[in-house]
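Observations on the three-dimensional arrangement
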Amino acid sequence: VLVVAFMLIAFSVHAATGLLVAEPIISPMALIINTALYTLFLGTMLSMQIIGREQRHNTETIMSAIFQRSSDALLYGDPSGRTRWVNQRAMQMFESNDPAKVVRLTRNGIMAAHSGGNIERLLARALEDPSWGDTCEFETAKGKRFWGNVALRRLDVPGENLMVVRITDMTPQIERET
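Residues numbered from 1 in each chain as written. Predicted model: local features only at pLDDT ≥ 70, side-chain atom pairs only at ≥ 80, totals over all residues. Heavy atoms only, no water.

**Comments concerning the pairing of strand E2 (residues 83-86)**
Using the following cut-off: Strand pairing is assigned whenever DSSP detects at least two bridges linking the two strands. Helix and strand assignments follow DSSP, with helices taken as H or I runs no shorter than four residues and strands as E runs no shorter than two, numbered in order from the N terminus.
Of the strand pairs in this sheet, strand E1 (residues 73-77) and E2 are connected by 3 bridges, and their pairing is antiparallel. Within E2, the position partnered with Leu 75 by the bridge is Val 86. What sits between the antiparallel neighbours E1 and E2 is a turn of 5 residues, in which Gly 81 has the positive phi angle 110°.

As structure tokens, then:
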């Protein structure tokens, strides 16, 4: 509705302005056709922009819902430890509502499983191997221990070095095996 209203206003203003200031050698009919094409083009571009925004919003809503409702702990950020998102399941697993603490506990668990290595070398190896994963023992903010299957994935975002960390609680399976 807004696009149609805009198109009518744009057509009227453009046509009136053109007819008032046009030189006599320009046919009024040619001016009106030119104005109609211009208005149609502008309306189409505006419609495409509105549709694109709606689709982007829908995609972001769906991706956010998938991220937040995952049965696995998911952390999204960069290798330096700056976090963009930590889902609700990660906060439940690590018994903390502080995303920075969840990231710190995750890093500590991974590093404890790979003693002797530094985080930069571990991240470099994980980033080179698209299927890097391991099973690590983690400690929650309340001191409880659990086993988690960890997978690190580098995200291809132009100009940014982003990662997603997935942790699946493996405690029941490991307890059955021991």
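Don't stop here, the text continues.
**What to know about the environment of Asn 34**
Secondary-structure assignment places Asn 34 in helix H2 (residues 28-68). Put simply, Asn 34 and Phe 11 are 23 residues apart on the chain and 9.9 Å apart in space, counted from C-alpha to C-alpha.

**Some points on empty space enclosed by the protein**
We count it as follows: Grid points spaced at 1 Å and placed over the protein atoms alone form the basis of the search, with a cavity being a set where a 1.4 Å probe fits but cannot get out and a pocket an open set showing protein on both sides within 12 Å along at least five of seven lines. Lining residues have an atom within 4 Å of a point. Grid points are joined across faces, edges and corners, and a volume is the space filled by probe spheres set on the points. In this count, Pro and Cys sit with the nonpolar residues alongside Ala, Val, Leu, Ile, Met, Phe, Trp and Tyr, while Asp, Glu, Lys and Arg are called charged and the others, Gly among them, polar.
Tallied over the entire structure, the rule returns 1 cavity of 30 Å³ or more. Forming the walls of the largest cavity are 18 residues, and the residues nearest its centre are Asp 78, Pro 79, Val 103, Arg 107 and Val 165. The set of elements that each furnish at least two residues to the lining of the largest cavity consists of E1, helix H4 (99-113), helix H5 (119-128) and strand E5 (160-169). Element by element, the count of residues in the lining of the largest cavity is highest for H4, at 4 residues. When its residues are assigned to classes, the lining of the largest cavity shows 11 nonpolar, 4 polar and 3 charged.

**Structural notes on the side chain of Thr 106**
Quick note on the threshold: The contact rule is simple, with two residues in contact once any of their heavy atoms fall within 4.5 Å.
Along the chain, Thr 106 turns up in helix H4. Once residues lying within four places of it in the same chain are set aside, the contact partners of Thr 106 are Leu 75, Phe 94, Phe 138, Val 165 and Ile 167.

**Thoughts on the sheet that holds E1**
The criterion, for reference: Axis definition: a line fit to C-alpha positions, over the contact stretch in the case of helices; interaxial angles, taken between N-to-C directions, run 0 to 180 degrees.
The strand order across the open sheet formed by 5 strands is E2-E1-E5-E4-E3, and the pairing between neighbours is antiparallel. Single-partner strands in this sheet number two, and they are E2 and strand E3 (133-139). Strand-to-strand twist across the sheet, computed as the mean angle between neighbouring axes with direction ignored, equals 25°. Across the sheet, H4 lies against E1, E2, E3, strand E4 (145-157) and E5, angled at about 120° from E3, the strand it touches most.

**Side note on the nonpolar core**
For clarity, the cut-off: Here, nonpolar core refers to any group of buried Ala, Val, Leu, Ile, Met, Phe, Trp, Tyr and Cys residues whose side-chain atoms link them within 4.5 Å. Type-normalised accessible area, obtained with a 1.4 Å probe on protein chains alone, sets the label of each residue: buried when under 20%, exposed when over 50%, and partly exposed for intermediate values.
Leu 75, Phe 94, Phe 138, Val 150, Leu 152 and Ile 167 are the most contacted members of the largest nonpolar core, which totals 24 residues. Listed by contribution, the elements that provide at least two residues to this core are E1, helix H3 (88-93), H4, H5, E3, E4 and E5. No other element matches H4, which puts 5 residues into this core. Beyond its immediate chain neighbours, meaning those up to four positions away, Leu 75 contacts Phe 67, Trp 85, Val 86, Ala 90, Val 102, Val 103, Thr 106, Met 163, Val 164, Val 165 and Ile 167.

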